Amino acid sequence: NAKRQREGSDNFFAAAPPYLLSSTMTLMTRCFAAASPLILQKTLAFYSPVILPRHAVSMSRRPTAQSALAPLDQDLEAWASTSGFGGVEKSIPAGSSGWASFRKVTVTDPPTNDYDEPTSFFVKSSSRSSKEMFYGEALGLEAMYACSQGSEDTLRIPKVFHYGDYSSGKGSFVVMEYLNLAGRSDDRALGKAVARMHLAPATEKAGNPTKAFGFAVDNTIGSTPQPNPWTKPNSGTKEWVEFFRDHRIGHQINLAGDPYCSNLWNNDIAPRLHLLFEDLKGEKEIKPSLLHGDLWSGNIGSADGKPSIYDPAVYWGHHEAEWGMAWCAGFGPQFWEGYRSLIPQDEGFLDRKPLYDAYHQLNHYNLFGGGYIGSARSDLENLKKKLNAKEKS
């Protein structure tokens, strides 16, 4: 796992208030109970806020020669000017992770957001290239933003303004709308907003003009590579089964290298996987929905009074696949009431649930090791039993 690169995981969440960080670390403690103490310690440290010296907090722009500015400052000045936003007024450090550094940036002539308010920017920078670090995240956020428009009860997703390499070629950055994040609030509103995103049509604006499963770029889930090859245009249930079989569970099984799981999957489950989806044909045919892809408690909050989700592993898939991390998301009756008011539960949902859970249990094993392999084996054994029962019926 040392060579895996995390793309999009060190999100604008790093600039959240300390109380939100503390709350999330508590939730992470519960969700990572099966991980080793060392893994848990490192994981919590990743989300700890960076404490900066008082003199480092204010970084207001001073009359400095352009050539004397750091590469990021130079490129931000150039970007603001060419975008018609004037110049950089303030650039304030907002934390960092093992992969990137964060800043809150204000400009002298800011654009307005969807609420006609002046926009500040959240800037992430890295010594790595944009393709390595920010390309997948930017495309994912752009798709989520496009699929969360047109209604009052949608998600609050930051608008992406720019991403690319430094002009010097020695690093990269992404500029997005700065959100004033707060803790998780109305779960019913959250459920309804996620359903709105799942129901949004696959369009060119949303990055899926052919109405296929997959995504425009491979990305990561945690630091695990997540392949997203497009299926054929106007894909349905058959293509989805093949996509999830080969590029989700099959991919994680290969990474895990666990003989027991491999045997279960290759011999008892994969050849019969289509049986779990027999109810989803004709009028119930699966259509591509935009998925956050890694929806758990640590990636849920609110902004401007609306639910917000972040740190995504975006792709187009079956909407039920979104709930593979529900075991670590705390979705209660109010959430499901909101979600099911727009997307009713399909026949066979509970039979397919272990399939979608197994993807994330296997991924957690590939990331952290420990007891997650036992949970993955249990999910696969459950799937085998359900398939055996379907064959007999």
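Preceding this section is the structure that the text describes.
Report follows, based on the coordinates. This is a predicted model, so every value here is computed, not measured.

1. Focus on the overall build of the protein
So, step 1. Helices and strands together make up the secondary structure of the protein, namely twelve helices and twelve strands.
So, step 2. The buried share of the protein, reckoned over its 393 residues, is 54%.
So, step 3. Looking at the protein alone, contacts between residues at least 24 apart form 70% of all its contacts between residues at least 6 apart.
So, step 4. Summing over all exposed atoms, the protein offers an accessible surface of approximately 17,300 Å²; the carbon and sulfur share of this is 51%.

2. Thoughts on the pattern of salt bridges
So, step 1. In total, this model carries 18 salt bridges according to the counting rule given.
So, step 2. Among the ionic pairs, Arg156 bridges to Glu177, the shortest N-O distance being 2.6 Å. Taken together, the residues Arg156 in the loop between α6 (135-146) and β4 (160-165) and Glu177 in strand β5 (residues 172-177) connect sequence positions 21 residues apart.
So, step 3. For Glu177, a relative accessible area of 4% gives the class buried.
So, step 4. Residue Asp268 is joined to Lys384 by a salt bridge in which the shortest nitrogen-to-oxygen separation is 3.6 Å. With Asp268 in helix α9 (residues 259-269) and Lys384 in helix α12 (residues 372-392), this residue pair connects regions lying 116 residues apart in the sequence.

3. Considerations on the packing of aromatic side chains
So, step 1. Within this structure, the stated rule accounts for 27 aromatic pairs.
So, step 2. With centroids separated by 5.2 Å and ring planes inclined at 85°, the aromatic side chains of Phe335 and Trp336 adopt a geometry described as edge-to-face.
So, step 3. Measuring from ring centre to ring centre gives 6.3 Å for Phe368 and Tyr372, while their planes differ by 45°; the resulting arrangement is tilted.
So, step 4. Take Tyr372: its relative accessible area is 3%, and that puts it in the buried class.

4. Considering the environment of Asp379
So, step 1. Inspection of the secondary structure puts Asp379 in helix α12.
So, step 2. Residues Asp379 and Tyr356, spaced 23 residues apart in sequence, show a C-alpha to C-alpha distance of 9.1 Å.

5. Some points on the packing of helix α8 (residues 237-256) against helix α11 (residues 349-368)
So, step 1. The interhelical angle for the contact between α8 and α11, taken along N-to-C directions, is 30°, at an axis separation of 9 Å. Looking at the two axes, α8 sits roughly parallel to α11. Our pair here, α8 against α11, has a crossing hand that is left-handed. Contact residues: Trp240, Phe244, Arg248, Ile249, Gln252, Ile253, Leu255 and Ala256 in α8; Leu355, Tyr356, Ala358, Tyr359, Leu362, Asn363, Tyr365 and Asn366 in α11.
So, step 2. A per-class count over the contact of α8 with α11 returns twelve nonpolar, three polar and one charged.

6. Comments concerning the pairing of strand β2 (residues 101-107)
So, step 1. The element β2 is largely enclosed, with a buried count of five among its seven residues.
So, step 2. As defined by bridge partners, strand β1 (residues 88-96) adjoins β2 across six bridges and the pair is classed as antiparallel. Pairing of Val88 across the sheet is with Val107, part of β2.
So, step 3. As paired strands, β2 and strand β3 (residues 121-126) are joined by five bridges and run antiparallel to one another.

7. Focus: unusual backbone geometry
So, step 1. Positive phi outside glycine occurs at Asn234, with the angle close to 55°.
So, step 2. Mapped onto the fold, Asn234 is located in the loop between β8 (224-226) and α8.
So, step 3. Here Asp311, not a glycine, exhibits a phi torsion of approximately 50°, which is positive.
So, step 4. Structurally, Asp311 can be placed in the loop between β11 (306-309) and β12 (315-317).

How each quantity is defined
- Residues numbered from 1 in each chain as written.
- Predicted model: local features only at pLDDT ≥ 70, side-chain atom pairs only at ≥ 80, totals over all residues.
- Heavy atoms only, no water.
- Helix = DSSP H or I, 4+ residues; strand = E, 2+ residues; numbered from the N terminus.
- Buried < 20%, exposed > 50% of the residue type's maximum accessible area, 1.4 Å probe, protein only.
- Contact = heavy atoms within 4.5 Å.
- Areas by Shrake-Rupley, 256 points an atom, 1.4 Å probe, with all protein chains shown as cover.
- Salt bridge = Lys/Arg side-chain N within 4 Å of Asp/Glu carboxyl O.
- Phe/Tyr/Trp six-rings, centres within 6.5 Å; stacked < 30°, edge-to-face > 60°.
- Axes fitted to C-alpha atoms, helices over the stretch in contact; angles between N-to-C directions.
- Parallel < 35°, antiparallel > 145°, perpendicular 65-115°, else oblique.
- Left-handed = near helix turned anticlockwise from the far one by under 90°.
- Nonpolar A, V, L, I, M, F, W, Y, C, P; charged D, E, K, R; others polar.
- Pairing = 2+ DSSP bridges.

Function cannot be read off these values alone, since they describe shape.
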